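Here is how the chains run, residue by residue.
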Amino acid sequence: MSSLALRKSTPAAGTTPGTAQGPPLRRRIALVPTLTLLLGSLYCLLPVAWVVIAATKSGRELFSTFTFLPGTGFTQNLKDLNAYRDGLYWKWMGNSALYAGLGALLSTAVSALSGYALAVYRFRGRETVFNVLMAGVLMPPVILAIPQYLLLAKADLTDSYASVLLPLILSPYGVYLARIYASAAVPGDVVEAGRMDGASEWRIFVRIALPMMVPGLVTVFLFQFVAVWNNFLLPYIMLSDDEKFPITLGLFTLLEQGSNTPALYTLVITGATLAVVPLIALFLVIQRFWSLDLLSGAVKS
């Protein structure tokens, strides 16, 4: 009996007495997701780091110094970028802000109305409409760009701000997210209570459902803003006046000219670095709207 107790109390060889012994194989397996995430982060952040560091280099330093060694030409690059064609770069930034801001706002409004209607109301053909929208999610933008151009050309709207804004208003993915979120965040009992109190359907949506859907709609707005800000194909097809170009198309034209004028490469890199700043600022500003206590906050409002 005493020998059995001794064997139980004696720690295994190579271990410290009083420490918990966990299976080492399980700990090694648990490290795999962490290492995978680290590798993925490096893969995504290395190009960003290269752009930021390259923006600090002059044209001579860009091709003659170590890749991740900061340069001394950032201030001059900013001056050259600001002076290029009397500040055309900032015109492109303003156009992108208009396309992305107004387009995302209109798209979020349409998604909110459509998603709420598909989630709350029961009508014939509801699932058919939703399935058609889901098919739109799976449709590559390149397939839709040419038909959209032909339709807007018939309406004589090409090479205008409307030619870029109008195709962006309806976002199938935004409608999908709004419907899923409305189904989860807007209880049917609350809607019925509003109807019993005599509120109109529009008042129920604006005063009851919309506050509950705000965190989900913020996500829709952010996704749509980023998608429009980074959109290249649609403006490339629709626009010919470089005064109406967004930042993506403007930097592309600069890059094309850089094949004949290498000095423009520094302008492209500096412009690409500055183009990321509004996206980071937007994320930092609107992230406070994401809340875990969605339903209670909406009811209190």
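Here the structure is a predicted model, which is why all the values come from computation and not from measurement.

### Description of the overall build of the chain
In terms of regular secondary structure, the chain is built from 15 helices and zero strands. Within the chain, the proportion of its 301 residues that are buried is 33%. For the chain, the proportion of contacts with a sequence separation of at least 24, taken over those separated by at least 6, is 72%. Summed over its atoms, the accessible surface of the chain is roughly 18300 Å², and 68% of this surface lies on carbon and sulfur atoms.

### Points about the confidence of the model for the chain
Low-confidence regions, as indicated by low pLDDT, have predicted coordinates that should not be scrutinised in detail. Of the residues in the chain, 86% reach a pLDDT of 70 or more, and the chain-wide mean stands at 84. The secondary structure element of the chain with the lowest average pLDDT is helix H15 (residues 294-300), at 43, and the one with the highest is helix H5 (residues 88-120), at 94. Every residue in residues 1-9 is under pLDDT 50, and counting partners more than four places away or in other chains gives zero contacts.

### Observations regarding unusual backbone geometry
Even without being a glycine, Arg85 presents a positive backbone phi close to 50°. Structurally, the position occupied by Arg85 is in the loop between helix H4 (74-83) and H5. Positive phi, normally seen in glycine, also occurs at Asp156, with a value near 60°. The class for Asp156 is exposed, based on a relative accessible area of 67%.

### Section: the nonpolar core
In terms of nonpolar packing, the biggest core is built from 35 residues, with Tyr84, Tyr89, Trp92, Phe225, Trp229, Ile247 and Leu254 touching the most fellow members. Listed by contribution, the elements that provide at least two residues to this core are H5, helix H8 (161-165), helix H11 (201-229), helix H12 (233-238), helix H13 (247-258) and helix H14 (264-286). In terms of residue count, the dominant contributor to this core is H14 (eight residues). Setting aside anything within four residues of it in sequence, one finds Trp92 in contact with Tyr84, Asp242, Phe245, Pro246, Ile247, Gly250, Leu251, Thr253 and Leu254. In this structure, Ala112, Val186, Ala209 and Met213 belong to the second largest nonpolar core, which totals 14 residues.

### Here we look at the side chain of Ser96
Along the polypeptide, Ser96 turns up in helix H5. Contact partners of Ser96, with chain neighbours within four places excluded, come to Gly101, Trp229, Pro246 and Ile247.

### A look at the environment of Ile286
Tracing the chain through its elements places Ile286 in helix H14. For the pair Ile286 and Val218, spaced 68 residues apart in sequence, the C-alpha to C-alpha distance is 7.4 Å. With residues near it in sequence (within four places) discarded, Ile286 still touches Val218 and Leu222.

Each value, and the rule that gives it
- Residues numbered from 1 in each chain as written.
- Predicted model: local features only at pLDDT ≥ 70, side-chain atom pairs only at ≥ 80, totals over all residues.
- Heavy atoms only, no water.
- Helix = DSSP H or I, 4+ residues; strand = E, 2+ residues; numbered from the N terminus.
- Buried < 20%, exposed > 50% of the residue type's maximum accessible area, 1.4 Å probe, protein only.
- Contact = heavy atoms within 4.5 Å.
- Areas by Shrake-Rupley, 256 points an atom, 1.4 Å probe, with all protein chains shown as cover.
- pLDDT = per-residue confidence, 0-100.
- Core = buried A, V, L, I, M, F, W, Y, C linked by side-chain atoms within 4.5 Å.

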